[in-house]
Amino acid sequence: MLGMPHIHTSDCMNHRWDPQGPVCTRCQEACPAGAIAMVDGSPRINDACTGCMACVSICPTAAIGHERLDIAALVRQARVSVMQGRQILRAACAFAADASADIQVPCHAAWNPLLLSCLAGEGVHMLETDGIAQCASCPVRHGSHMLSQTERDYAAFSKGLEVRLVLSREITRKAPVTKKRQEPEPERRAFFRKLIPTLAQGAAMTVAQISEAMRDDAVHTEAQDGPTQSPSLRLFTKALARLRPNFTPVPHLPSVPLGTVQADARCNACGQCVAECPTEALTLRPFGAQQVLEFQPDTCIGCEHCADICPEHAITQLPSVSLPAIAAGRSRPLVMVGANRKPDPQALAT
C-alpha cells in the first residue's frame, strides 16, 4: 500500500567500510516482515516488504529513505500546531486517512525515540496515534507491534530528559461547547477585537518560521558538508538543549543511534579507528611530543565499528550514554599516546 523504501547504497556503512561482511545490521534486525537480507554485505529489500518503514527510522546514516516519510516536515508540522495552541496532537497513519489530524505519518512503525523527543522539544505534551487499533486489518499491519517497542525504548531513553511527551493509543474527542446567546457586538469593535490577536499571532509565527528555516538550512548544510547522519539524530541534537537533559545514564539502544566509547593504554595511535569512523567522531590531535585520541559525543552513532577494527582491542563501547555530554558538543580526550610508540605487529596481524 505504501511502497518499498529505497536504499542509498553510498550512505550505507556496509558499502563503505567493510566489503567482507556487514558492519551494521540494524535494518535487518528491526524489519518485522523479514524483508531485508544482506547481499554481499549490503542490505537488500525483497517483496515481503509491507512498507511499514521501521527500517527508515532505525537507519543511523540515512541510507534508507521513503518519499512519504519526511522527518523534518513532521517536526515542522508539529511546531505549527503547537504555535496555534494545540499541545495534544493527533497523528493519523495512512490507513486512518484523516485529513483533520495534526500530523500525518505513513505508518506508526515509523516513530522512534529520537523523533518523539523532537516533538516534545517543540512543546507537544501528548501524541495520540490514530489508526493504531486497525493494524490487524491494515496491509502494512506492523504498526502496533513496532510502536510497542518504541514505547519501551522511549520510556528508557526519556529518563535522561526533563521534557518529554506522553504517547497515547486513545483519541480524545472534545464535546461541542454550547455558547450562550449574546447580544450582537458592534461591527467596528468586533473587527478590531479579532484583528489584533490575529496580527500578533501571525507575526509570532512568521518570526518563528524564519528562525527555524535558518536552523534547518544550517542542519542541511552540515549534513552535506559533514558526515551522514539520520534526520532524527540531527534534529534531536539541535533540540537537546530544550529537552533539558539530566545526568541519568541512558542505555545504549538499537533504535537510538547514539553511543559512547572509551580507550585504554593499549592504544598506539595507529589512526585506523579515525580513518574508518563513519561520522568522524574520533580524531587524533598532536599534543607536544604525544598524540591525543579525542571523542566527539554528539556525532557518534554507536555503530561500534571502531571497537571491532582496533588492532590493539583498546576501544570499547560503553553500555550507557550521557545526554548532557552530547548537548555540550565538546570533544573529550580518551587516551594520550607517546609519539615514539609503534604498533604491535602481532596485534596488527590478528
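The sections below set out a description of the structure shown in this document. (Residues numbered from 1 in each chain as written. Predicted model: local features only at pLDDT ≥ 70, side-chain atom pairs only at ≥ 80, totals over all residues. Heavy atoms only, no water.)

## A closer look at the overall build of the chain
We apply this condition: Secondary structure elements follow DSSP: runs of H or I of four or more residues count as helices, runs of E of two or more count as strands, with numbering from the N terminus. Here the term buried applies to any residue with accessible area under 20% of the maximum for its type, exposed to any over 50%, and partly exposed to those in between, with areas from a 1.4 Å probe on protein chains only. For this analysis, residues touch if any pair of their heavy atoms sits within 4.5 Å. Note on areas: Shrake-Rupley, 1.4 Å probe, and residue coverage restricted to the protein chains presented here.
From N to C terminus, the chain includes 12 helices and 15 strands. A buried classification covers 46% of the 350 residues belonging to the chain. At a minimum sequence separation of 6, the contacts of the chain that also span at least 24 residues come to 76%. Of the roughly 18100 Å² of accessible surface on the chain, a fraction of 54% belongs to carbon and sulfur atoms.

## Some remarks on the sheet that holds strand 7 (residues 126-130)
Working definition: the strands of a sheet are paired by backbone hydrogen bonds and lie parallel or antiparallel to each other. Put simply, the test is: Any two strands are treated as partners once DSSP identifies two or more bridges connecting them.
The parallel open sheet is built from 4 strands, whose spatial order is 6-5-7-8. Sheet topology places strand 6 (103-104) and strand 8 (166-168) at the edges, where each strand pairs with a single neighbour. As judged from the 3 bridges shared by strand 7 and strand 8, these two strands associate in the parallel manner. Each residue of the ladder has a partner; that of Glu128, found in strand 8, is Ser168.

## A word on the sheet that holds strand 15 (residues 332-338)
Selection criterion: Here an axis means a line fitted to C-alpha atoms, over the contact stretch when the element is a helix, while the angle between two N-to-C directions is reported on a 0 to 180 degree scale.
Ordered by their spatial adjacency, 3 strands build an open sheet running 11-12-15, and the pairing between neighbours is antiparallel. Pairing within the sheet leaves two strands with one partner each, and these edge strands are strand 11 (282-287) and strand 15. The average angle at which neighbouring strand axes cross in this sheet is 25°, direction not considered. Two strands pair when backbone bridges link them, and strand 11 and strand 12 (residues 290-295) are joined in this way by 6 bridges, in the antiparallel orientation. Looking at strand 12, one finds that Arg285 is bridged to Val292.

## Observations concerning the side chain of His108
Note on placement: His108 falls in the loop between strand 6 and helix 5 (113-121). Dropping the residues within four chain positions of it, His108 is found in contact with Ala91, Ala92, Cys93, Thr129, Asp130, Ile132, Gly143 and Leu147.

## Quick notes on helix 5
The periodicity of an α-helix, 3.6 residues per turn, causes residues three or four positions apart to be oriented the same way. Among the 9 residues that make up helix 5, 9 are buried, leaving the element largely enclosed by the rest of the structure. If you check which residues of helix 5 are buried, you get Pro113, Leu114, Leu115, Leu116, Ser117, Cys118, Leu119, Ala120 and Gly121. Summarising the contacts, the buried residues of helix 5 are in contact with helix 4 (71-83), strand 6, strand 7, helix 6 (143-157), strand 8 and helix 8 (231-239).

## Quick notes on the nonpolar core
The test is simple: The nonpolar core is taken to be a set of buried Ala, Val, Leu, Ile, Met, Phe, Trp, Tyr and Cys residues, with the residues joined through side-chain atoms within 4.5 Å.
Grouped together as the largest cluster of nonpolar side chains are 65 residues, with contacts concentrated most on Ile103, Trp111, Leu119, Leu127, Phe157, Phe236 and Leu258. Those elements that provide at least two residues to this core are helix 3 (54-58), helix 4, strand 5 (88-92), helix 5, helix 6, helix 8 and helix 11 (323-328). By residue number, the principal contributor to this core is helix 5, which donates 6 residues. Excluding residues within four positions of it along the chain, Phe236 makes contact with Leu114, Ser117, Cys118, Phe157, Leu161, Leu243, Leu258 and Leu323. Core analysis: the next-biggest nonpolar cluster, separate from the first, contains 19 residues, Cys267, Ala269, Cys277 and Cys306 among them.

## Here we look at the environment of Arg68
Positionally, Arg68 belongs in the loop between strand 4 (64-65) and helix 4. Put simply, Arg68 and Gly3 are 65 residues apart on the chain and 9.2 Å apart in space, counted from C-alpha to C-alpha.

## Re the packing of aromatic side chains
In plain terms, the rule: Two aromatic rings, drawn from Phe, Tyr or Trp (for Trp, its six-membered ring), form a pair once their centres lie within 6.5 Å of each other, and the interplanar angle then sorts them: stacked below 30 degrees, edge-to-face above 60, tilted otherwise.
All told, the structure shown has 1 aromatic pair when counted by the stated rule. A centroid spacing of 5.5 Å and a plane angle of 55° characterise the contact between Phe157 and Phe236, whose relative ring orientation is tilted. Separated by 79 residues along the polypeptide, Phe157 in helix 6 and Phe236 in helix 8 bring together distant segments of the chain. For the pair Phe157 and Phe236, one class covers both residues: buried.

## Quick look at the packing of helix 4 against helix 5
Operational definition: Reported orientations rely on four angle classes, namely roughly parallel under 35 degrees, roughly antiparallel over 145, roughly perpendicular from 65 to 115, and oblique for the rest. The crossing is said to be left-handed when, going from far helix to near helix, the turn is anticlockwise and less than a right angle, and right-handed when the turn is clockwise. Each residue is assigned to one of three groups, with Ala, Val, Leu, Ile, Met, Phe, Trp, Tyr, Cys and Pro labelled nonpolar, Asp, Glu, Lys and Arg labelled charged, and all others, Gly among them, labelled polar.
Viewed as axis vectors pointing N to C, helix 4 and helix 5 meet at an angle of 30°, and their least axial separation amounts to 9 Å. As summarised for this structure, helix 4 and helix 5 are arranged roughly parallel, according to the angle between their axes. For the element pair helix 4 and helix 5, the recorded crossing hand is right-handed. Note on element contacts: helix 5 touches helix 4 through Leu115, Cys118 and Leu119, opposite Ile71, Leu74, Val75 and Ala78. Counted by class, the contact of helix 4 with helix 5 contains 7 nonpolar, no polar and no charged residues.

## With respect to the pattern of salt bridges
To be explicit about the condition: Any carboxyl oxygen of Asp or Glu within 4 Å of a side-chain nitrogen of Lys or Arg constitutes a salt bridge here.
Counted by the stated rule, this structure contains 8 salt bridges. Across the salt bridge formed by Arg90 and Asp98, the nearest N and O atoms sit 2.5 Å from each other. With a relative accessible area of 12%, Arg90 lands in the buried category. A salt bridge links Glu122 to Arg242; the shortest N-O distance between them is 3.3 Å. Of this pair, Glu122 sits in the loop between helix 5 and strand 7 while Arg242 sits in the loop between helix 8 and strand 9 (250-251), and the two are 120 residues apart along the sequence. Classification of Glu122 as buried rests on a relative accessible area of 15%. Of the residues examined, Arg242 reaches a relative accessible area of 35% and is grouped as partly exposed. Several salt bridges share partner residues, and in doing so they unite Arg79, Glu122 and Arg242 into one network.

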